[in-house]
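Results of the structural survey
Residue strings, one per chain:
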Amino acid sequence: MVKKEILIGFIVGIIANTFGTLLYIVIFSDFGIAETYNAAVEQGHVGSLLALGAVLNLLAFFGFLKIKRDYRARGVMIATVMTALLILYYKLF
């Protein structure tokens, strides 16, 4: 039961991060999603895009804490840490 709750939180965290990244691109970019992503890859800003998208994880994390779903909040935190490791990878390589 605990693993299922953590997995649900992890999936919500990944979806929130993806949605946040896409939302940021749609709102603040003059180009399409693919063009913005390609430009970010060329300029080395993919990590920044992912970090800005991770802001929605805050809503998911605190939302789960508010409704007393601590294990789901833990899953969102794991997704956020994995995103941070991915950002670190993009920054170093």
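The notes below deal with the structure included here. (Residues numbered from 1 in each chain as written. Predicted model: local features only at pLDDT ≥ 70, side-chain atom pairs only at ≥ 80, totals over all residues. Heavy atoms only, no water.)

Quick word on a nonpolar patch on the surface
Note the threshold: The patches reported here contain residues having more than 30% relative accessible area and no salt bridge. Joining distances are 9 Å for like charges and 5 Å for nonpolar side chains (Val, Leu, Ile, Met, Phe, Trp, Tyr). Here the Shrake-Rupley method, with its probe set to 1.4 Å, supplies the accessible areas, and only the displayed protein chains count as covering residues. We define a salt bridge as a contact between a side-chain nitrogen of Lys or Arg and a carboxyl oxygen of Asp or Glu at a distance within 4 Å. By the criteria applied, helices consist of DSSP H or I runs no shorter than four residues and strands consist of E runs no shorter than two, each listed in order from the N terminus. Categorising residues by exposure relies on relative accessible area from a 1.4 Å probe, with only protein chains included: less than 20% of the type maximum marks a residue as buried, more than 50% marks it as exposed, and the intermediate range marks it as partly exposed.
Together, Y37, V41, M77, V81, L85, L86, L88, Y89, Y90, L92 and F93 give the surface a local cluster of nonpolar side chains, amounting to about 1100 Å² of exposed area. Of all the secondary-structure elements, those providing two or more residues to the nonpolar patch are α2 (33–43) and α5 (70–92). At 8 residues, α5 tops the list of elements feeding residues into the nonpolar patch. Using a relative accessible area of 39% as the deciding quantity, one classes Y37 as partly exposed.

Focus on the packing of aromatic side chains
Test applied: Classification of ring pairs uses Phe, Tyr and Trp, with its six-membered ring standing for Trp, and accepts pairs whose centres are within 6.5 Å; under 30 degrees between planes counts as stacked, over 60 as edge-to-face, and the remaining range as tilted.
Enumeration over the complete set of coordinates arrives at 4 aromatic pairs. Ring centres of Y24 and F28 lie 5.0 Å apart, and the angle between their planes is 45°; this geometry places the pair in the tilted category. In this pair, Y24 and F28 both sit in helix α1 (residues 2–28), 4 residues apart, roughly one turn of the helix. Through a chain of ring-to-ring contacts, three or more aromatic side chains come together here, namely Y89, Y90 and F93.

What to know about the packing of α1 against α5
For the record, the criterion: Angles shown run from 0 to 180 degrees and are taken between the N-to-C directions of axes, each axis being a line fitted to C-alpha atoms and, for helices, limited to the stretch in contact. Geometric relationships in this document are graded by angle, where less than 35 degrees denotes roughly parallel, more than 145 denotes roughly antiparallel, 65 to 115 denotes roughly perpendicular, and other angles denote oblique. Crossing chirality is assigned from the near helix's rotation relative to the far helix, an anticlockwise turn below a right angle marking it left-handed and a clockwise turn marking it right-handed. Contact definition: two residues touch when any of their heavy atoms are within 4.5 Å.
Look at α1 against α5: their axes get within 6 Å of each other, and the N-to-C directions meet at 45°. Considering their axes alone, α1 and α5 lie oblique with respect to each other. Crossing of α1 against α5: the hand is right-handed. Taken together, the residues of α5 that come into contact with α1 (itself represented by V2, E5, I6, I8, G9, F10, G13, I14 and N17) are Y71, R72, R74, G75, V76, I78, A79, M82 and T83.

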